[in-house]
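Architecture at a glance
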Amino acid sequence: MKTIIKATALCLLFLASSCKDALDFEPTNRLTTEQTFSDFTTIEATLNAEYLIMSWGNYDSWIQLFAEVEGNLCYLNGANNSRYNKAFQYSWQPRDEDLNNIMYTQYFIIDASNNIVNHIEAVPGDAIAKNQVKGEALAMRALSYFELVRFFAKPYTNGNPATDPGVPIVLEHSISEPARNTVAEVYDQIIADLKAAIPLMTETENRGRFTADGAKALLARVYLYKGEWAQAETMSTELIDSGYFMLADSFNEIFNWPYTSEEIFTLEGWGPGCPYNPDCWDDIRVTSDLIEAYEPGDVRAEISAFPLDPNNPNSSRHQYKYFQAARISILRLGEQYLIRAEARFRQNDIDGALEDLNTLRLKRGASEWSELPNGISDILEERHRELAFEGHTVFDYWRTGTNMVRKQCNTGVEVQAPCTIEANSYQTVHPIPQAEMNANFNMVQNEGY
Amino acid sequence: MKKLVLALLVSVSYLCTLHAQRTLSGTVTGDDGTPLIGATIKIKGSTAGVITDVEGAFNFYLPAGAESLIVSYIGYQTREVPIGDQSRLSIVLKRSTQSLGEVVVTGYSEVEAKKLISSVSVVNGVALDNTSLTDPNQMLQGRAAGLFTTATSGMPGAEGAVRIRGTGTLHAGANPLYVVDGIIVQTGNLTAIGEDYREPDACCTSDPEIMAQINAADIDNITVLKDASATALYGSRGSNGVIVISTKRGAAGKTSVNLNLQSGVTMPNFGNFELMNAEEQWNYERKVYEYSGYSQAEIDQLRPASMLDNTTDWLHEAFVNGRTHQVDLQVRGGNEKTRFFTSGGYFYKDGTLIATDFERYSLLANVDHSISDRVDLSLNLNTSYTHRHNAYTGNSWESPMLQWYRNTPMQGKINPATGELYTGTEDDWIGQVSDNFLYSSQKNSFTVSQFRLLNKLSLRVKLLDNLVFTQSANMDLINGDENKFYDPTTGVGSWFNGGLSHDYNQNIAFTNQSKLKYYTDFGPDHSFDILGVFEYQRVHWKGFGADAWDLLSPYTQTGALAGSFNANRDYKSDYAFLSYLGLANYAFKERYMLTASLRRDGSSRFSTNDRWANFWSLGASWRIAEEAFLQHTKWLNDLRLRASYGTSGNAAIGNFNNQSRYIAVPGYQGGLAIGLQELGDENLTWELSKSLNVGLDFSILDNRVGGTVEYYKRRSENVFLEGPVSFTSGGDRAKQNLAAIGNSGVEFSLNLTPFKAKKAGGFNWSLEFNIAFNDNKILQMPNHRVDSFNLGIYREGSPVRVMPLAANFIGINPDNGEMQFLQKDGSITNNLMAADRYIEFSPHPDFIAGLNSVFSFKGFTLTALFYTAQGQTYDIGVFRSLDSYGNELGGVHLKAAGDYWEKPGDLATRPKPKVGGYPGVNTHLSRSYLFVDASFIRLRNIQLSYALPASMLTKARLQKMVVFVKGENLWTITNYPGMDPEGVEWGRDNWRYPAGKSLVFGVNTTF
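Residues numbered from 1 in each chain as written. Chains lettered and ligands numbered in written order. Predicted model: local features only at pLDDT ≥ 70, side-chain atom pairs only at ≥ 80, totals over all residues. Heavy atoms only, no water.

1. As for the overall build of chain A
- Each helix and strand counted, chain A has 17 helices and 9 strands in total.
- Over its C-alpha atoms, taken along the principal directions, chain A stretches across nearly 110 × 50 × 45 Å.
- Split into buried and exposed, the 449 residues of chain A put 61% on the buried side.
- For chain A, contacts bridging at least 24 residues in sequence account for 69% of all contacts bridging at least 6.
- Accessible surface computed for chain A: about 17000 Å², of which carbon and sulfur atoms make up 50%.
- Of the side-chain charges in chain A, 36 are positive and 63 negative, and the distance between the mean point of each set is 3 Å. (Helix = DSSP H or I, 4+ residues; strand = E, 2+ residues; numbered from the N terminus. Buried < 20%, exposed > 50% of the residue type's maximum accessible area, 1.4 Å probe, protein only. Contact = heavy atoms within 4.5 Å. Areas by Shrake-Rupley, 256 points an atom, 1.4 Å probe, with all protein chains shown as cover. Lys, Arg positive; Asp, Glu negative; His and termini not counted. Charge placed at Lys NZ, Arg CZ, Asp CG, Glu CD.)

This is the structure we're talking about:
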């Protein structure tokens, strides 16, 4: 009897003591946050995931694509699927899935960067390599905030940035319901991230990732969007004068393998080629606005407005920037010349502006200019010729407060759409996705939606 | 030695009553005459007693004043026997059937039914005998009040859904917890079991149900635990209710051998709709072309008369009659020291869908052995193997459930050029799906086999006379093997030049359970017991799978002979629960009963700070009938009021949802990429249900009328919702504790014996009726938001998973033939795309009810079980294709599709059909005419049996022989236009495998 009691007591004691870790398991088919961000190799791989998700190019999550469809350089082929009608017709609704994809992709990158930035100091590894990764993560975070703020908020230079709602700034991983920061706060964050990133990065050779030069190039663009002309000029000058970057001899090669000296940051991935491709979806075609903007000899027309039938200039025109190779141009020297030209023009340095414009134009086979009779409009039009379909078009209109007029909106070949969009219309800012409104009680919808 | 000690103890207790004593002897037998060995005989009002010997005999000294004996034996009704002046007694005990005097198994313990405080339903006895249902879930429907079962598929052995008192969760498992012989077992779907919850499929999977591994013939009784007081024992995981299954055990006495043989036919259920035949379809489609402006020449080319040369009724080719067989051999016996029950079973059932079947081999051995007076050992060995020719997911190309309506009746099944079956890949094949299931079901195979070992060893030690320690160890091992083969000559197989896939998985659960029970009486009026339980359960799951295609030869059976092979699935997962439980019962004069429980549970599924939770319950019952003021009310046999309140939890959300999880993929610039795949909320914790239950039990008129009325109210909080989260989290959705759900309802059960035989063999009629009303409502959504999911919508104030809001169709305008939809503002639109959607339909029944009637006369017994669910609405999705107003001309049409508007004044139900249909009609935009009432009354089970008279049996040396014939689902009353109104859990009736009918003949013999 006593033996039984003793044995039982012993069993119970054993059971109680062996249960301490009985409830601790780690997932075996996945890495946890803790596991992922405690090792340099896996942290590096999360940075790769940022580039990867940015380059996957879901055709419905490309801010670059929508910035063009909403513009006047291309029109939607009326005979085709209604995939991009909401952008072309300015009929965005908060429930449109594409908005979810855009916001999801950018915050996915921001969240990964947050985790990298907040964990990398603590992991063992080579300090230089760690700094490079941290710098890239900061620059990627800046790029994502920049995409978000120009897509979902009023432009800095055509609004009240100190009070206009921007997007929530989140610098640490959490499931929460953050409210929107102001446009000015978001720009401050972007600039702070880029300034922090530049000294950290030492890698210079890899044009497929962010480098210190890439961060500078983005910073130049950000200053331009912010209207800080002197800063924009300084930044772009650093790149133009670096000696490392040169305008490409052949415009076509910028969008193809191998890398050219012009490229500052090019994503290695398949961009939104199919909707532009006459052999694929053939949704989007080039408008007469752009076709007529090119003078004979301008080589940029060959890639941005090439006729379907090369022997028939009246056949439909298509752009080929995205589908010659797995290349998506994000930052390149051509844009830096345009940034500096605009910054100089704004600071009344017309000669300086002309010098930059002519450097670019001559390289592209266009004629030399001696004056800018239409002022800023001439620079914007040059931006269209140079940067068409790279995701700048509508933002250039809105940030400069310019109303957009379309020649091809109602002629019968295209999907019917508004022919004029005023720069101050609520439609120039996209609605916050309904999914975010549902999940985040502190989120405020943009005006008009 | 020990016997001596016991004898001494017994003697000592008698010492004080030695004066005026006398001897009493006798025998205890069962109602079938077998002596009961080890039956307990106690003198009422004292603790003194003896047990019967191997002949069932007893002999002892009676103390003075002893008036009656309490005689009890497990599995038999306890009897009080007056002693009077007799010195010899022959006591006969009746086998237990459900009555207020019985013992109810609640998993951790057994409770006398009269002392029961909580809300339970017990199914046993006749209900479980001779069943030919594939799994225990199906036996409960219509028998237990408040329990609603649906099968997502009519595939025998397919996963089912069981809801007790409504659905109390959103994105977690809503099925009850299953306990077999005291141990929580793995349930649900095999392939997903590592993650015990996944968002259910819209329609049509036929995933295997683990409970189908248990042979119904081996089950002694099933107890359904419904309220907090009952489920508190499983508090942590009991918020969906608990189903406690007890398998049969041995009994001391003559060894009995039972042989049960059954054989029968299965038949499909074609439901309430009619399809056009080939000729009607040909005429209809020519009209459609005509209305769409096609010229006569074009129509002749599109629908030439030659199309009627070779036709097929695909529906009746897809669903066919089949067979079912069952053999069970059960041996039961034992003596005072050792008792055993063994059972070997074979079960086979054809599915009603072509080329589907289910087969089960099962072996059960339950052995109980008394090592000494104080130490008992129990061993349960339950082994089964099932093998199925499974049905493909109903919306997959290869599934006959898709092909029967996607392929036109104008397509023949035999290719006249070869005289063989079409494969579907021929140039002249005009079916929409390039596959002929009649051919591919011969060539392809989809098999799922499962092996299950459910073993338990338990040791019961009587530490003191009133202190018992029980230690159990349990292993539940499930091995699964899923195998798909596509022959390269079949339509689907030709896409990848033949292919196959293999998936293996193993799920193993270990459970340790230690129980300590103390019971005592303070004087004659007070009884008290307290139970402490420590339990640890750990589950490990792993799976591995591979695909192969480009099969090198027609003889290829494995990936070794395939041009392409990819082993791309490899998974492992673990979870564990650790629980401490205390339970106390107190009874005063067997009139006032109190129960209280407290448990503390930890789950590996939650982070360290959130994983522990406490659950508690309180209950009380009052046996009013025992009160002095009712003692003389002869017509009242029992009256009891019960009430309980308590909390329980739910953690069936799959593993690791409390952590963000990252996956690795081939990455950027040749490097690896690791990215967030599933966002986890680290503050995730238990779902918590608070429930109140009030019940009244009564039994009157010599127990001929009895019943129960119960009211319950359950509020589930912290309900898991896998809803959208702010994108700023880096993800788009996560499981969080966000919602609250309420269920409340009333249940009535009534037992009637309108005719009671005066003597054995007379006419008996008994009726059991139950009805349950449940009101289900989402009480709270985060930020009052509305979430839409594939299977429905979550909206505050609406029931869980109502269907998408529908446009209000009000008929066809007789003047112009246009569809009319009533707008919110009272105007009418003819454009479905622009119609306001505001009508809400609920897939939940208003009430469910069951009626079981048993007539018996001489050896004949007729039982009939009716089951009904009323008020639920289903979305009959398949009609989008069958009745598409001309949009889908490639498939088959409803005969009713011919009722369309042609000219002004026509009163029609459909607009004039045209090629391409009408805007929105081909989409999944909801409109009210696709939502139909699915109320039904079904004769679930009818059985006529005849027990051969004893005179015949003795000659043949048999104890018992029963011949029977029974039918399942033979008769259904419903207005539902689809195939089967039963079993669409989320109300989406698409590509379904409807439940079939069966007619079975059997002989049950006991030697």
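2. A word on the interface of chain A and chain B
- Listed per partner, the contact involves 58 residues of chain A and 63 residues of chain B.
- Surface buried jointly by chain A and chain B totals about 4700 Å² across both partners, of which 64% is contributed by carbon and sulfur atoms.
- Together, Leu23(A), Phe25(A) and Ile175(A) form the three largest contributors to the area buried by chain A at its contact with chain B, with a combined 17%.
- In this assembly, chain A and chain B are joined by 2 salt bridges.
- A salt bridge links Glu678(B) to Arg30(A); its shortest N-O distance comes to 2.8 Å.
- Taken together, chain A and chain B are joined by 19 residue pairs in polar contact (both at pLDDT 80 or more).
- Classifying every residue of the side of chain A that touches chain B gives 30 nonpolar, 20 polar and 8 charged.
- Relative to strand E30 (residues 661-666) of chain B, strand E1 (residues 31-32) of chain A is paired through 2 bridges, and the arrangement is antiparallel. Looking across to E30(B), one finds that Leu31(A) is bridged to Tyr662(B). (Buried area = accessible area lost by both parts, 1.4 Å probe. Salt bridge = Lys/Arg side-chain N within 4 Å of Asp/Glu carboxyl O. Polar contact = N/O pair within 3.5 Å; in protein donor to acceptor, adjacent residues only side chain to side chain. Nonpolar A, V, L, I, M, F, W, Y, C, P; charged D, E, K, R; others polar. Pairing = 2+ DSSP bridges.)

3. A word on the pattern of salt bridges
- For the coordinates displayed, the defined rule picks out 75 salt bridges over all chains.
- The shortest N-O distance in the salt bridge between Asp282(A) and Arg285(A) comes to 2.7 Å. Accessibility assignment for this pair places Asp282(A) and Arg285(A) in one class, buried.
- Linking Glu627(B) and Arg591(B) is a salt bridge whose minimum nitrogen-to-oxygen distance equals 3.5 Å. Taken together, the residues span a long stretch of sequence, with Glu627(B) in the loop between strand E28 (612-623) and strand E29 (636-650) and Arg591(B) in the loop between strand E26 (562-588) and strand E27 (592-603) at a distance of 36 residues.
- We classify Glu627(B) as buried; its relative accessible area is 8%.
- In this structure Arg591(B) comes out as buried when scored by relative accessible area, which is 19%.

4. A look at the pairing of strand E34 (residues 733-755) of chain B
Residues and elements named next belong to chain B.
- As defined by bridge partners, strand E33 (residues 705-724) adjoins E34 across 18 bridges and the pair is classed as antiparallel. Bridging across to E34, Val 719 finds its partner in Ala 739.
- With 14 bridges connecting them, E34 and strand E35 (residues 764-780) associate as antiparallel partners. From the neighbouring strand, Asn 751 faces E35, where its bridge partner is Glu 768.

5. Overview of helix H4 (residues 278-291) of chain B
All names here are of chain B.
- In a regular helix each residue adds 1.5 Å, so 14 residues correspond to 20 Å; H4 covers 20 Å between its end C-alpha atoms and thus fits that length.
- Considered for burial, the residues of H4 that qualify are Ala 278, Gln 281, Trp 282, Tyr 284, Glu 285, Arg 286, Val 288 and Tyr 289.
- By the N-cap criterion, in which a side-chain oxygen at the helix start approaches the backbone nitrogen of a residue two or three places on, H4 is capped by Asn 277, the distance to Glu 279 being 3.0 Å.
- One or two positions beyond H4, positive phi appears at Gly 293, with a value near 90°. (Expected span 1.5 Å × (residues − 1).)

6. Observations regarding the sheet that holds strand E7 (residues 88-93) of chain B
Residues and elements named next belong to chain B.
- The strand order E4-E1-E7 describes an open sheet built from 3 strands, whose pairing is mixed. With one partner strand each, in any of the chains shown, strand E4 (57-62) and E7 form the two edges of the open sheet. Strand-to-strand twist in this sheet, taken as the mean axis angle between neighbours without regard to direction, amounts to 25°.
- Of the strand pairs in this sheet, strand E1 (residues 22-30) and E4 are connected by 6 bridges, and their pairing is antiparallel. Along E4, the bridge assignment pairs Arg 22 with Leu 62. (Axes fitted to C-alpha atoms, helices over the stretch in contact; angles between N-to-C directions.)

7. Notes on the state of the cysteines
Residues and elements named next belong to chain A.
- Counting across every chain of the model gives 2 disulfides over all chains.
- Between Cys 274 and Cys 280 runs a disulfide, and the two sulfur atoms are separated by 1.9 Å. Around the S-S axis, the bridge from Cys 274 to Cys 280 shows a dihedral of about -80° and counts as left-handed.
- On the accessibility criterion, Cys 280 (38% relative accessible area) is partly exposed.
- The side chain of Cys 409 participates in a disulfide bridge whose partner is Cys 419; the two sulfur atoms lie 1.9 Å from each other. What sets the handedness of the Cys 409 and Cys 419 disulfide is the S-S torsion sign, and at about 100° it is right-handed. Of this pair, Cys 409 sits in the loop between strand E8 (404-405) and strand E9 (420-421) while Cys 419 sits in the loop between E8 and E9, and the two are 10 residues apart along the sequence.
- Relative accessible area serves as the criterion here: at 3%, Cys 409 is assigned to the buried category.
- You can call Cys 419 partly exposed: its relative accessible area is 27%.
- Taken in sequence order, the bonded cysteines of chain A link in the pattern 1-2, 3-4.
- The thiol sulfur of Cys 74 is not disulfide-bonded, and the nearest other cysteine sulfur, from Cys 409, lies at 13 Å.
- Among the residues examined, Cys 74 registers a relative accessible area of 1% and is labelled buried. (Disulfide = S-S within 2.5 Å.)

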